[in-house]
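# Reading the structure
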Amino acid sequence: YDQPEKSQDEFYYAAYSKLRQRELYERHFKIIKIVSGIAVLSGNNRHTTARAGEFVFVNRGGFSRIRMYPDKNRPFRMLCLNFTDKFLEKYIQYAIRPAVSNAKVEAFESIYSNVMIEALFSSLDIYARNDAYPDKVLTDLKLRECAHILSLYDPHLLDEMFRKQSGERLSLEEFMNANYMYNAPLERFAELSGRSLSTFRREFEQTFGTTPSKWLIRKRLEVAYKKITEESCRPSDIYWELGFETLSHFSRKFKEQYNMVPSKLFNMHNR
């Protein structure tokens, strides 16, 4: 069976009977528990594999990808709590701020299991197994409980949530060169770079001398060309990772730029 996720809700769960892969645009900090199956998360040049029973902290303000693999006899199942801006604004008003940490928090961080977080997510799993969601009051309590557990066991993660402000304005050139491979709408690129859409478009053309859409296609194809010719990557293995929805779309755009389909280029360099 397949249970679609509501990935921006403060609490959501997902279940998939077949391999699924998704791009994620992280507006919120997340705590994820893998109930069954395996999740492979990638983003910001970091890869994390989480197996059944393991917990992962997902940092906010970036693009990432997730591949979700079911077990042979069980679907992939995942539970997630999202720490939204609205929740954090209220929570920070009365919570005791953790000691400031100098530890760098990556795009993904493994969270070591403890009896408190196990108990919290066991209570959430009851809702998921009954295809139900707790109401707003209960969800708020669960988020507070989770934040309290982080303050005891992983205070550097809570400190990250306290100090990392939304809408942080990033260098546009650095941001785009780090995230060109994500097939996101321009509104999401603008939001995660800390700009309005109109400001993003204007600054982009000033910085790169072309429109975002044209630059993204050209950049992805240039990287694809190098991967095929210098790393012997098969077109079928790289198209999704470079932001193309389908292999046929990738092949069509590649031919428009290089006057040959990528499979022909691959064969020329791998005889």
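Throughout what follows, the structure given in this document is the object of discussion. Keep in mind it's a predicted model, so treat the numbers as computed, not measured.

## Comments concerning the state of the cysteines
In the structure shown here, the tally under the stated rule is zero disulfides. No disulfide involves Cys 80; its sulfur sits 9.6 Å from the nearest other cysteine sulfur, which is in Cys 146. A residue is classified by how much of its surface remains accessible, and Cys 80, at 0% relative accessible area, is buried.

## Comments concerning the packing of helix 3 (residues 136-153) against helix 4 (residues 155-163)
The contact between helix 3 and helix 4 brings their axes to 6 Å, and the two run at 125°. Our classification of the angle between helix 3 and helix 4 gives oblique. In contact with Ala 147, Leu 150, Ser 151 and Tyr 153 of helix 3, helix 4 contributes Pro 155, Leu 157, Leu 158 and Met 161. The class makeup of the residues in the contact of helix 3 with helix 4 is seven nonpolar, one polar and no charged.

## Here's the deal with the nonpolar core
In terms of nonpolar packing, the biggest core is built from 33 residues, with Phe 63, Met 176, Phe 189, Phe 200 and Phe 254 touching the most fellow members. Of all the secondary-structure elements, those providing two or more residues to this core are helix 5 (172-179), helix 6 (186-193), helix 7 (197-208), helix 8 (212-230), helix 10 (247-258) and helix 11 (262-269). Tallying contributions element by element places helix 8 first for this core, with six residues. Discounting residues that sit within four places of it in the chain, Phe 63 has contacts with Leu 24, Tyr 25, Gly 43, Phe 175, Asn 179, Tyr 182, Ala 184, Arg 188, Phe 189 and Leu 192. Listed in part, the 30 residues of the second largest apolar core include Ile 31, Phe 83, Phe 121 and Leu 158.

## Comments concerning the packing of helix 6 against helix 7
Axis separation between helix 6 and helix 7 bottoms out at 9 Å; the angle between their running directions is 90°. Here helix 7 runs roughly perpendicular to helix 6, going by the angle between their axes. Taking contact as the criterion, the partners of Leu 186, Glu 187, Phe 189, Ala 190 and Ser 193 in helix 6 are, on helix 7, Leu 197, Phe 200 and Arg 201. Among the residues forming the contact of helix 6 with helix 7, the class breakdown is five nonpolar, one polar and two charged.

## A closer look at the pattern of salt bridges
Taken as a whole and judged by the stated rule, the model has 16 salt bridges. A salt bridge links Lys 30 to Glu 26; the nearest nitrogen and oxygen atoms lie 3.7 Å apart. In this structure, Lys 30 and Glu 26 share a single accessibility class: buried. Where Glu 191 meets Arg 188, a salt bridge forms, and the shortest distance between an N and an O atom there is 2.9 Å. Within this pair, Glu 191 and its partner Arg 188 are both found in helix 6, separated by three residues, close to a single helical turn. Where salt bridges share partners, they join Arg 27, Arg 188 and Glu 191 into one cluster.

## Structural notes on the environment of Arg 188
For Arg 188, a relative accessible area of 16% gives the class buried. Taking C-alpha positions, Arg 188 is 9.7 Å from Gly 62, a pair spaced 126 residues apart along the chain. Those residues in contact with Arg 188, other than ones at most four positions away along the chain, are Tyr 25, Arg 27 and Phe 63.

Parameters at a glance
Residues numbered from 1 in each chain as written. Predicted model: local features only at pLDDT ≥ 70, side-chain atom pairs only at ≥ 80, totals over all residues. Heavy atoms only, no water. Disulfide = S-S within 2.5 Å. Buried < 20%, exposed > 50% of the residue type's maximum accessible area, 1.4 Å probe, protein only. Axes fitted to C-alpha atoms, helices over the stretch in contact; angles between N-to-C directions. Helix = DSSP H or I, 4+ residues; strand = E, 2+ residues; numbered from the N terminus. Parallel < 35°, antiparallel > 145°, perpendicular 65-115°, else oblique. Contact = heavy atoms within 4.5 Å. Nonpolar A, V, L, I, M, F, W, Y, C, P; charged D, E, K, R; others polar. Core = buried A, V, L, I, M, F, W, Y, C linked by side-chain atoms within 4.5 Å. Salt bridge = Lys/Arg side-chain N within 4 Å of Asp/Glu carboxyl O.

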